[in-house]
Amino acid sequence: MTERREELAANLARVEDRIAAACEAAGRAREEVTLIVVTKTYPASDVRILAGLGVRHVAENRDQDAAPKAAACADLPLSWHFVGQLQTNKVRSVAGYAEMVQSVDRARLVTALSKEAVRTGREIGCLIQVALDAGEKERGDRGGVAPGGIEELAGLIASSEGLRLGGLMTVAPLTGQYAGRQRAAFDRLMDLSTALRRAHPAATMVSAGMSADLEEAVAAGATHVRVGSAVLGVRPGLR
Ligand SMILES: *Cc1c(COP(=O)(O)O)cnc(C)c1O
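Residues numbered from 1 in each chain as written. Predicted model: local features only at pLDDT ≥ 70, side-chain atom pairs only at ≥ 80, totals over all residues. Heavy atoms only, no water.

Enquirer: An account of the overall build of the chain is needed here, citing residue identities and associated values.
Expert: In terms of helices and strands, the chain carries nine helices and eight strands. A compact globule built from 239 residues would reach a C-alpha radius of gyration of about 18 Å, and the chain, at 17 Å, matches this within 12%. Principal axes of the C-alpha set define a box for the chain whose edges measure 50 × 40 × 35 Å. Burial analysis of the chain (239 residues in total) assigns 51% to the buried set. A sequence separation of at least 24 residues applies to 59% of the contacts in the chain between residues at least 6 apart. (Helix = DSSP H or I, 4+ residues; strand = E, 2+ residues; numbered from the N terminus. Rg over C-alpha atoms; globule rule 2.2 N^0.38 Å. Buried < 20%, exposed > 50% of the residue type's maximum accessible area, 1.4 Å probe, protein only. Contact = heavy atoms within 4.5 Å.)

See the structure below:
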């Protein structure tokens with residue numbers, strides 16, 4: 001094994017232990033939680049190592065970085081998730097590799113994704129990104145729609161050709177009433193998910209929890225955790 005492979009294997013094992021322990025503490029089966037490794041800022045060579053270690057889901061937040069990486073890893077059995085703020089002019093590129101866009105937060109983006117899905121004959125999974133620190137009907141500073149905007153956006157996605165409504169995603173807020181209260185934030189997301197599933201029973205995905213707070217997300221009921229630095233190392237700079 002190369003040094004980097006050993007390092008990633010050890011980190012991955014630690015994260016796996018954390019997820020397993022969190023599932024056990026919550027009385028949940030380990031299979032209820034899917035690990036998505038966020039590979040942003042790290043090279044395609046790391047993605048390749050991770051695939052070799054059994055990782056099947058990876059996520060990126062910038063199309064400029066993600067597109068060449070996904071192309072370099074096209075031979076690997078990976079699902080790519082897009083988790084960053086997405087401009088409509090990047091939709092064509094992102095739709096070329098992403099199976100799931102987790103950061104859907106406005107109608108214009110839904111329209112653009114649907115158009116691209118139809119054009120290429122592919123289905124694109126969509127999660128609605130919820131900004132728990134945004135004012136009613138507003139959008140968050142780091143993307144996301146306020147809870148009051150979920151229902152309308154969900155209806156639009158569900159009725160758009162080529163798109164599949166998967167569920168909800170959030171990032172624990174740094175400001176507002178949920179700042180520093182990850183568990184409360186994720187509990188709120190679960191309540192919103194319950195409400196969403198009344199109208200859209202198949203929209204069961206709840207993507208929440210990162211390196212620092214995956215335990216709180218699993219305890220709240222998250223189905224997907226997005227873990228970057230705990231697997232790959234701390235990224236230089238804040239991104
Ligand atoms: C970077 C990122 C993550 C992973 O964060 P870590 O703290 O490195 O685990 C998860 N979700 C989103 C949306 C991200 O941008």
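Enquirer: Residue-level account of the UniProt feature "coiled-coil region" (unreviewed entry) in the chain, with values.
Expert: Residues annotated in UniProt with the feature "coiled-coil region" (unreviewed entry) correspond here to residues 5–32. Segment residues 5–32 splits into 79% helix and 0% strand. End C-alpha atoms: 27 Å apart. (UniProt positions renumbered as here; feature names shortened; annotations may be inferred.)

Enquirer: Give a description of the site of the ligand that names residues and reports values.
Expert: As a structural note, the neighbourhood of the ligand is formed by Val 38, Lys 40, Val 83, Val 171, Met 210, Ser 211, Arg 226, Val 227, Gly 228, Ser 229 and Arg 235. Here an oxygen atom of the ligand and a backbone polar atom of Gly 228 are 2.8 Å apart. Interatomic distance of 2.8 Å between a backbone N/O atom of Ser 229 and an oxygen atom of the ligand. When the ligand sits alone it has 390 Å² of accessible area, and the protein chains cover 88% of it. Of the residues contributing to the shell around the ligand, the split by class is five nonpolar, three polar and three charged. (Near = heavy atom within 4 Å. Polar contact = N/O pair within 3.5 Å; in protein donor to acceptor, adjacent residues only side chain to side chain. Areas by Shrake-Rupley, 256 points an atom, 1.4 Å probe, with all protein chains shown as cover. Nonpolar A, V, L, I, M, F, W, Y, C, P; charged D, E, K, R; others polar.)

Enquirer: So what's going on with the pairing of strand E6 (residues 163–170)? Which residues, and what values?
Expert: Two faces make up the sheet, and in a regular strand the side chains alternate between them. Where burial is concerned, most of E6 is hidden: seven out of the eight residues are buried. Relative to E6, strand E5 (residues 124–130) is paired through seven bridges, and the arrangement is parallel. Within E6, the residue paired with Ile 124 across the bridge is Leu 163. In terms of strand pairing, E6 meets strand E7 (residues 205–207) through three bridges, oriented parallel. Of the residues in E7, the one forming a bridge with Leu 168 is Val 206. In this fold, E6 hands off to helix H7 (residues 182–199), which returns the chain to E7; that crossover is right-handed. (Pairing = 2+ DSSP bridges. Right-handed = clockwise from strand over helix to strand, strands pointing away.)

Enquirer: Go over the pattern of salt bridges with me, naming the residues and quoting the values.
Expert: Evaluation of the coordinates by the stated rule reveals 13 salt bridges. Here Arg 4 makes a salt bridge to Glu 7, at a shortest N to O gap of 3.3 Å. In this pair, Arg 4 and Glu 7 are both assigned in helix H1 (residues 3–26), three residues apart and thus about one turn of the helix distant. For Glu 7, a relative accessible area of 40% gives the class partly exposed. Linked by salt bridges that have partners in common, Arg 4, Glu 7 and Asp 46 make up one network. (Salt bridge = Lys/Arg side-chain N within 4 Å of Asp/Glu carboxyl O.)

Enquirer: Can you tell me about the nonpolar core, naming the residues and giving the values?
Expert: Core analysis: the largest hydrophobic core is formed by 69 residues, its most contacted members being Leu 113, Ile 128 and Val 225. Excluding anything up to four places from it in sequence, Leu 113 contacts Val 91, Val 101, Val 104, Ile 124, Cys 126 and Leu 163. Of all hydrophobic cores here, the second largest spans eight residues; its members include Val 38, Met 100, Met 169 and Met 205. (Core = buried A, V, L, I, M, F, W, Y, C linked by side-chain atoms within 4.5 Å.)

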